[in-house]
Amino acid sequence: LLPNTTYTITYDDGTVVNLGSVTTDGSGNYIITGLTAGNYTAFTVTLSGCTGIDNATITLTDPALPAFAVAGTNPTSCGATDGFITISGLTPSTSYNYSYFDGSATISGTANSDASGNIVISGLGAGTYDTFTVTINGCTGSVATVITLSDPGAPTFTVAGTNPTTCGGTDGTITISGLTPSSSYDYSYFDGTSTTTITVTSDASGNIIITGLGAGTYDTFTVSLAGCTGSSATVITLTDPGPHSAT
């Protein structure tokens, strides 16, 4: 078109739109703005009663919806909130709005993806997370993936006793076995009078040996690791040796 010249322009987007009198810029262009996704055709340009027609169809499309995946990493201890969920597959170093449902409420946030195209949602505890959405430029993608974060399993173990070797002796023992070798645990037990709690490291076989015990009943054993506590209902009864027969 002629630069800085007034034209009448119409087009068809399903109905005929008449822009009325508009003026081209210094390069002879006129930009039609404010358009949504759709098909545009039947362009007419009129100057001094003379009309030119272009029946080409221009198709405008919205940007593609964000496509992404989600994966979870569990908390490192029971009751902790250091679990996280990674949203991956996004455009690197780009700002997105995201949301998810944590079982109680919908959580929304804005974050920049990292250089690998990931957004990491941190500070999460054990639970179920779903209904993930990611939005950019007004376009929202979603995934149906359900992420379940779990606390570490509670320690499992067995207990067994070894009786004192003398009457009134305190060289009886109880062995807690089946633990992870060379790991620090808190354990407790009830000796019929009080509860004893101790922190100790398991040996290379995954055992903890409670020493210095006399005859009696010991129960209510618990073992804790990383805030997770396992228990055993086993009752250990230590007994003194039987009396010797006189000859």
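Predicted, not measured: the structure shown is a model, and the values here were computed from it.

A positive phi is found at Ser-182, a non-glycine position, where the angle reads about 55 degrees. Relative to the assigned elements, Ser-182 resides in the loop between strand E15 (172-177) and strand E16 (184-190). One non-glycine residue, Thr-220, adopts positive backbone phi at about 55 degrees. Following the sequence through the fold, Thr-220 ends up in strand E19 (residues 216-225).

Turning our attention to the sheet that holds strand E7 (residues 83-88). Pairing within the open sheet is antiparallel, and its three strands lie in the order E6-E7-E10. With partners counted over all chains shown, the strands left at the sheet margins are strand E6 (69-73) and strand E10 (119-124), one partner each. Here the average twist between neighbouring strands, direction ignored, is 15 degrees. Here four bridges tie E7 to E10, and the two strands are oriented antiparallel to one another. In the strand pairing of E10, Gly-83 is matched with Leu-124.

Next up on the list: the state of the cysteines. Considering all chains together, one arrives at one disulfide under this definition. For Cys-78, the disulfide goes to Cys-228, at an S-S distance of 1.6 Å. In this structure, the disulfide formed by Cys-78 and Cys-228 twists by about 105 degrees around the S-S bond and is classed as right-handed. Here Cys-78, found in the loop between E6 and E7, pairs with Cys-228, found in strand E20 (residues 228-232); they are 150 residues apart in sequence, far enough to count as distant.

Thresholds applied
- Residues numbered from 1 in each chain as written.
- Predicted model: local features only at pLDDT ≥ 70, side-chain atom pairs only at ≥ 80, totals over all residues.
- Heavy atoms only, no water.
- Helix = DSSP H or I, 4+ residues; strand = E, 2+ residues; numbered from the N terminus.
- Pairing = 2+ DSSP bridges.
- Axes fitted to C-alpha atoms, helices over the stretch in contact; angles between N-to-C directions.
- Disulfide = S-S within 2.5 Å.

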